[in-house]
Amino acid sequence: MLSFWERESLSRYDYIIVGGGIVGCSTAYHLKKKYPRAEIAIIERGVFPSGASSKNAGFACFGSLTELVDDRNGLSEEQQLALVEKRWKGLDLLKNILGEHNVGYEANGGFELIRKAEMPALEYLDHYNQLLKSIFKVDVYRLEPRLIQEYGFNKNSLETIVSNPFEGQIDTGKMINSWWTLCSEMGIKIITGCEVVDFEEQHDFIILNTKSGNQSVQLKANQMAICTNAFAQKWFGKEDINPGRGMVMITHPIKDLKFKGVFHYDEGYFYFRNVGKRVLIGGGRNLDKSVEDTTDFGINPKIRSAIISDMEELILPDQEFSIDMEWSGIMAFGKTKSPIIKKVSDKIAIGVRLGGMGVAIGTQVGQELHELLAD
């Protein structure tokens with residue numbers, strides 16, 4: 001039950017953005033820049049973003065060599081180049097809006113661990129260096145087998161390491177905090193703990209039926225953006241939106257940790273990085289895809305066991321470690337790696353299915369989404 005004051009001043013907006021993660025914040029930010037007098041609200045069902053925006057590993061990356069080689073099966077070279085460029089420009093846009101310091105950006109480089117199974121991909125190293133020169137002007141990938149010993153990895157398990165100086169890492173918590181602070185300073189309302197149950201588009205506006213605890217609240221908006229990634233599936237069942245859960249773990253500080261940077265292996269399905277002297281590691285969705293294609297949060301014991309084994313045998317073979325925390329985030333995938341950015345009606349647009357690359361492309365998706373609503 002609303003009061004008169006709440007109905008008149010707190011429940012009507014020009015734009016409502018559903019989803020308080022990277023895409024939602026970027027959409028609201030760009031709309032507010034274009035229309036400073038517009039009343040804009042971001043609605044988030046959780047206390048923090050509910051998908052992966054505040055749960056991801058904080059990789060500022062655009063694609064490992066083996067990922068690009070694997071993508072040859074479904075993408076033309078022009079499409080691959082466009083995808084890398086979109087990710088690279090998206091990362092640049094994120095850093096420019098929020099500032100590198102405010103997202104905890106560290107340019108420690110990206111690295112891919114190459115085992116015997118991945119060795120055939122090295123035949124394409126020179127090819128992709130030439131292809132990507134149109135974006136980066138110099139070679140992106142190079143072989144550095146010396147790093148196996150320098151970083152303390154198991155030399156019996158690895159053939160070489162492919163390094164990439166253009167990738168880096170961010171502090172995911174700082175990034176989301178910076179987005180929310182910036183949006184609030186611009187006069188954008190952020191309403192957390194508020195879940196959209198359903199919505200109805202009428203002639204002049206959209207009615208959103210929401211709930212917060214035991215309270216039901218009806219909101220109105222002239223236009224709306226849905227930025228809930230995999231969770232948009234419940235409203236747009238005909239869209240190619242498939243959820244994918246990813247688990248992440250982080251160790252307690254390790255005294256003599258030897259490496260810095262972001263690391264991939266197994267075609268990018270597994271990834272790890274340093275967070276100071278801690279090791280953050282995650283992935284493994286490919287080991288149990290049928291179970292991990294879900295919007296339910298949780299820890300898969302099969303994948304957890306595999307990650308711990310890799311930590312012990314491959315990454316930290318001669319070092320003791322203990323796990324401090326573990327959690328999961330929900331991503332969205334489809335038959336293609338391009339996000340869905342489109343209008344679904346005159347008043348509603350969606351920006352979803354980020355393919356596990358939300359840090360890289362989320363800001364740019366929001367920019368493109370605001371243009372659809374502005375039109």
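Scroll up a little and you will see the structure.
The structure contained in this document is the topic of the report that follows. (Residues numbered from 1 in each chain as written. Predicted model: local features only at pLDDT ≥ 70, side-chain atom pairs only at ≥ 80, totals over all residues. Heavy atoms only, no water.)

Describing the nonpolar core
Heads up, the condition is: Remark: nonpolar core denotes a set of buried residues (Ala, Val, Leu, Ile, Met, Phe, Trp, Tyr, Cys) joined through side-chain atoms within 4.5 Å. The buried label goes to any residue with under 20% of its type's maximum accessible area, the exposed label to any with over 50%, and the partly exposed label to all in between, with areas taken from a 1.4 Å probe on protein chains only. What counts as a helix is a DSSP run of H or I of at least four residues, what counts as a strand is a run of E of at least two, and both are numbered from the N terminus. The contact criterion used throughout is that any non-hydrogen atoms of two residues lie within 4.5 Å.
Grouped together as the largest cluster of nonpolar side chains are 46 residues, with contacts concentrated most on Ile-17, Ile-40, Leu-98, Met-175 and Trp-179. Every element with two or more residues in this core is listed here: strand E1 (12-18), helix H2 (22-34), strand E2 (40-44), strand E3 (59-60), helix H4 (77-98), helix H7 (172-185), strand E12 (242-251) and helix H10 (358-374). If near-sequence neighbours (up to four positions away) are discounted, Ile-40 is found in contact with Tyr-13, Tyr-15, Ile-17, Ala-28, Leu-31, Lys-32, Gly-187, Ile-188 and Lys-189.

Observations regarding the layout of surface pockets
What counts, and what does not: Detection works on a 1 Å grid of protein atoms alone, calling trapped sets that fit a 1.4 Å probe cavities and calling open sets with protein on both sides within 12 Å along at least five of seven lines pockets, with lining residues defined by an atom within 4 Å of a point. Grid points are joined across faces, edges and corners, and a volume is the space filled by probe spheres set on the points. Any residue that is not Ala, Val, Leu, Ile, Met, Phe, Trp, Tyr, Cys, Pro, Asp, Glu, Lys or Arg is counted as polar, Gly included; the first ten are nonpolar and the last four charged.
Taken as a whole, the second largest pocket holds about 350 Å³ of empty space. Lining the second largest pocket are 19 residues; nearest its centre among them are Asp-171, Thr-172, Gly-173, Val-275 and Leu-280. Those elements that place two or more of their residues in the lining of the second largest pocket are H7, strand E14 (270-275) and strand E16 (323-333). Split into classes, the residues belonging to the lining of the second largest pocket amount to 7 nonpolar, 7 polar and 5 charged.

Brief notes about helix H9 (residues 301-315)
Spacing of three or four residues puts side chains on the same side of an α-helix, whose turn is 3.6 residues. Heads up, the condition is: The length a helix should cover is 1.5 Å for every residue beyond the first. Identification of polar contacts relies on pairs of N or O atoms within 3.5 Å, with a donor-acceptor requirement for protein atoms, meaning one able to donate a hydrogen and the other able to accept it, and with residues adjacent in sequence counted only if both atoms are side-chain atoms.
The end-to-end C-alpha distance of H9, which contains 15 residues, comes to 20 Å, matching closely the 21 Å that a straight helix rising 1.5 Å per residue would cover. Buried within H9 are the following residues: Ile-303, Ile-307, Ile-308, Asp-310, Met-311, Leu-314 and Ile-315. Put simply, Asn-300 is the residue that caps the front of H9, since its side-chain oxygen is 2.9 Å from the backbone nitrogen of Lys-302.

Some remarks on the packing of aromatic side chains
For any pair of aromatic rings, the description rests on two quantities: the centre-to-centre distance and the angle between the ring planes. Let me state the cut-off plainly: Working definition: rings of Phe, Tyr and Trp (its six-membered ring) pair if their centres are within 6.5 Å, and the pair is stacked with planes under 30 degrees apart, edge-to-face with planes over 60 apart, and tilted otherwise. Placement of a charge over a ring requires the Lys NZ or Arg CZ to be within 6 Å of the ring centre, with the centre-to-atom vector within 35 degrees of the ring normal.
By the definition in use, this model includes 23 aromatic pairs. Geometrically, the ring pair formed by Phe-153 and Phe-259 is tilted, given 5.5 Å between the ring centres and 45° between the ring planes. Highlighted residues: Phe-153 in the loop between helix H6 (146-150) and strand E6 (160-164) and Phe-259 in the loop between E12 and strand E13 (262-265), separated in sequence by 106 residues. Take Phe-153 and Phe-259: they sit in the same class, and that class is buried. An aromatic cluster of three or more residues is present, and its members are Phe-111, Tyr-151, Phe-153, Phe-259, Phe-263, Tyr-265, Phe-270 and Phe-272. Lying across the ring of Phe-231, Arg-45 places its NZ or CZ 4.5 Å from the centre. The cationic tip of Arg-285 hangs over the ring face of Phe-333; the distance from NZ or CZ to the ring centre is 4.0 Å.

Concerning the sheet that holds E14
This is how the line gets drawn: Strands pair, by our definition, only if DSSP identifies at least two bridges between them.
With respect to topology, 8 strands assemble into an open sheet ordered E5-E6-E4-E13-E14-E15-E12-E16, the strand pairing being mixed. A single partner strand is all that each edge strand has here, and the edge strands are strand E5 (142-143) and E16. The sheet contact formed by strand E4 (residues 110-114) and E6 spans 5 bridges and is antiparallel. Residue pairing across strands places Ile-114 opposite Thr-160, the latter belonging to E6.

Observations regarding the environment of Ile-361
Note on placement: Ile-361 falls in helix H10. On the basis of relative accessibility, which here comes to 4%, the residue Ile-361 falls in the buried class. On a C-alpha basis, the gap between Ile-361 and Val-23 in space is 8.6 Å, while along the polypeptide they are 338 residues apart. Excluding residues within four positions of it along the chain, Ile-361 makes contact with Lys-86, Arg-87, Pro-339 and Leu-354.

Re H4
Look at H4: 32 Å from first C-alpha to last across 22 residues, which is about the 32 Å you get at 1.5 Å a residue. Along H4, the positions that sit buried rather than exposed are Gln-80, Leu-83, Val-84, Lys-86, Arg-87, Gly-90, Leu-91, Leu-93, Leu-94, Lys-95, Ile-97 and Leu-98. Its buried side turned inward, H4 meets H2, E3, helix H3 (65-71), helix H5 (125-136), H7 and H10. Positive phi shows up at Gly-99, right after H4, with a value of about 90°.

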